[in-house]
Amino acid sequence: MADSTKTATLSFGDTTIELPMYSPSAGPDVIDISKLYAQGGVFTHDPGFTSTSSCESTITFIDGGKGELLHRGYPIDQLAEKSHFLEVCYLLLYGELPTAAQLEDFEFRVTRHTMVHEQMGNFFRGFRRDAHPMAVMVGVVGAMSAFYHDSTDVNDPWQREVAAIRLIAKMPTIAAWAFKYTIGQPMVYPRNDLDYASNFLRMCFAVPAEDYEVDPILARAMDRIFTLHADHEQNASTSTVRLASSSGANPFACIAAGIACLWGPAHGGANQACLEMLREIGTVDRIPEFIARAKDKNDPFRLMGFGHRVYKNFDPRAKVMKKSADEVLELLGVENNPTLQVAKELEAQALADPYFAEKKLFPNVDFYSGIILEAMGFPTSMFTPIFAVSRTVGWVSQWKEMISDPTMKIGRPRQLYTGSTARDYVDVEDR
Ligand code: ACO
């Protein structure tokens, strides 16, 4: 725990309480209110956790004002440019960049765990063909606890390690199989001679009837998408994983909970929602109509892919993703794709509009990732599963950090109750 160097004084009624304060290595100071109820008999109220730190962590830091995202201190743009996904996984899990030998060993371990238990194929076949791949992933990842009993004891550090590697290794296979199942094609097994991203692309797009060569530029773009989504400190799905695992639940069940949370359109589902919105807009001349709707208080419509809870200047991942989108679209010769034209013009018009500037609304990572994924041939329903593949390492790293923290307690928020006070039951005939 960081040392308490100063205190904050809280006064209400006749009570005055000194609360310890901590100075983090980066970011605003934190007031420790954990003893507030015991000392003052009051709760704090912060729906949506906009001002509340839920844990101590050394993994990821975001400065939303500066548009900075650091993994173990390394800026995301440097990692996206110079590193690759499995190296970033190692960094997030173990805290330091690996040596060449450590990286080789880690890649070997992940690669040897990419196959899933053969009987898990039956789970996929139990779903309707038109099931959303996220629905399939929630079910299948949760079912892993029924297959890998030797890595469900969260109190055993070795089992935690094995569970972490299994989750990172098998998630691309599960996502690819969920995709193959919905399009009625045979599932493609992983190949150990391919890197993580190439293997995923092959499992998604290869068919037994012909050879499939992974384009290295597309593999690099896929790897970059994985890297840019790898972790994002205490976001909704990560907090879900932490809360679920605070009860001691097994890791596969907790990651399934994270996948369920990620699916929502305000979180990981935004990439799918963004592309659907761009298609609905359809042509550049309709953009003003949609911008007007986004600004209208009486219309629930929002520009998907715009805005972020933490980034209030720019999303550093969006910058890298935009560059990657340009490269991929040029490679595939689809620069004139109508969806892309709408996206570019929408971005320009929104950024020039005072409403978006005043509310500090900028394109987020999801604004561009969907465009790349569509150009690669993924249907929109696969966008969020790909996000889940990437974020698994973040969930797992945060989960491991939490379980090994000796101060960890079961998560149990309090509430501001505004319902009825105690009243007597009334028999049905008297109501
Ligand atoms: N379009 C139009 N107006 C918006 C948008 C948007 N995309 N986002 C926020 N606003 C407006 C709100 O109406 C609100 O206006 P008000 O102050 O007049 O009431 C103001 O900006 C602040 O919005 P909040 O919802 O309070 O901000 P919050 O931090 O809670 O929300 C969020 C962040 C959920 C990301 C929001 O910007 C949003 O819904 N964006 C669209 C969905 C999206 O792209 N999500 C992806 C997030 S990134 C990720 O998960 C990887």
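Residues numbered from 1 in each chain as written. Predicted model: local features only at pLDDT ≥ 70, side-chain atom pairs only at ≥ 80, totals over all residues. Heavy atoms only, no water.

As recorded in an unreviewed UniProt entry, the protein chain goes by Citrate synthase and comes from Actibacterium lipolyticum. You can read under Pathway (unreviewed entry) in the UniProt record for the protein chain the words "Carbohydrate metabolism; tricarboxylic acid cycle; isocitrate from oxaloacetate: step 1/2." Check the Catalytic activity (unreviewed entry) section of the UniProt entry for the protein chain; it says "oxaloacetate + acetyl-CoA + H2O = citrate + CoA + H(+)". (UniProt positions renumbered as here; feature names shortened; annotations may be inferred.)

### Describing the site of the ligand
In the region of the ligand, 21 residues are neighbours, and R302, L303, G305, R309 and K359 sit closest. Here an oxygen atom of the ligand sits 3.3 Å away from a polar atom, N or O, in the side chain of H267. Between Y355 and the ligand, the recorded distance is 3.1 Å, taken from a side-chain N or O atom to a nitrogen atom. About the coverage of the ligand: the protein hides 75% of its 930 Å² of free accessible area. Looking at the shell around the ligand residue by residue, the class counts come to 10 nonpolar, five polar and six charged. (Near = heavy atom within 4 Å. Polar contact = N/O pair within 3.5 Å; in protein donor to acceptor, adjacent residues only side chain to side chain. Areas by Shrake-Rupley, 256 points an atom, 1.4 Å probe, with all protein chains shown as cover. Nonpolar A, V, L, I, M, F, W, Y, C, P; charged D, E, K, R; others polar.)

### So, the nonpolar core
The biggest cluster of nonpolar side chains holds 115 residues, and the ones touching the most others in it are F200, M222 and F378. By residue number, the principal contributor to this core is helix 7 (residues 157-183), which donates 14 residues. Filtering out sequence-adjacent residues up to four positions away, M222 remains in contact with A197, F200, L201, L373, M376, F378 and I386. (Core = buried A, V, L, I, M, F, W, Y, C linked by side-chain atoms within 4.5 Å. Buried < 20%, exposed > 50% of the residue type's maximum accessible area, 1.4 Å probe, protein only. Helix = DSSP H or I, 4+ residues; strand = E, 2+ residues; numbered from the N terminus. Contact = heavy atoms within 4.5 Å.)

### Brief notes about the packing of helix 9 (residues 216-228) against helix 18 (residues 383-403)
Across the interface, helix 9 lies against helix 18 with an axial gap of 7 Å and an inter-helix angle of 65 degrees. Considered as vectors, helix 9 and helix 18 are oriented roughly perpendicular to each other. As helix 9 runs across helix 18, the sense of the crossing is right-handed. Between helix 9 and helix 18, the residues in contact are M222, I225 and F226 and I386, V389 and S390, respectively. (Axes fitted to C-alpha atoms, helices over the stretch in contact; angles between N-to-C directions. Parallel < 35°, antiparallel > 145°, perpendicular 65-115°, else oblique. Left-handed = near helix turned anticlockwise from the far one by under 90°.)

### Digging into the sheet that holds strand 5 (residues 68-71)
One open sheet accounts for three strands, arranged 4-5-6; its pairing is antiparallel. Sheet topology places strand 4 (60-63) and strand 6 (74-75) at the edges, where each strand pairs with a single neighbour. Where strand 5 lies against strand 6, two bridges are found, and the strand directions are antiparallel. By the bridge assignment for strand 6, H71 is matched with Y74. (Pairing = 2+ DSSP bridges.)

### Points about the domain arrangement of the protein chain
As assigned here, the protein chain comprises domain 1 (7-53) and domain 2 (72-227 + 238-263 + 389-404). Each of domain 1 and domain 2 has a C-alpha centre, and the two are 37 Å apart. (Domains from an automatic or database assignment.)

### Notes on the packing of aromatic side chains
How two aromatic rings sit relative to each other is set out by the distance from centre to centre and by the angle between their planes. Going through the model one piece at a time under the given rule, you end up with 21 aromatic pairs. Where Y94 meets F106, the ring centres are 6.0 Å apart and the plane angle is 90 degrees; that geometry is what we call edge-to-face. Taken together, the positions of Y94 in helix 3 (residues 85-94) and F106 in helix 4 (residues 100-111) put the pair 12 residues apart, joining distant regions of the chain. Residue Y94 is classed as partly exposed on the basis of its relative accessible area, which comes to 30%. Consider the rings of F179 and F378, whose centres lie 6.2 Å apart with planes at 50 degrees: the pair is tilted. Separated by 199 residues along the polypeptide, F179 in helix 7 and F378 in the loop between helix 17 (365-376) and helix 18 bring together distant segments of the chain. (Phe/Tyr/Trp six-rings, centres within 6.5 Å; stacked < 30°, edge-to-face > 60°.)

### Examining the environment of V141
Examined against the element boundaries, V141 turns out to sit in helix 6 (residues 133-143). A residue is classified by how much of its surface remains accessible, and V141, at 0% relative accessible area, is buried. For the pair V141 and Q159, spaced 18 residues apart in sequence, the C-alpha separation works out to 17 Å. Excluding residues within four positions of it along the chain, V141 makes contact with L167, M171, I174, F252, I255, A256 and I259.

### What about the environment of A100?
By the element assignment, A100 lies in helix 4. For A100, a relative accessible area of 65% translates into the label exposed. Put simply, A100 and E87 are 13 residues apart on the chain and 10.0 Å apart in space, counted from C-alpha to C-alpha.

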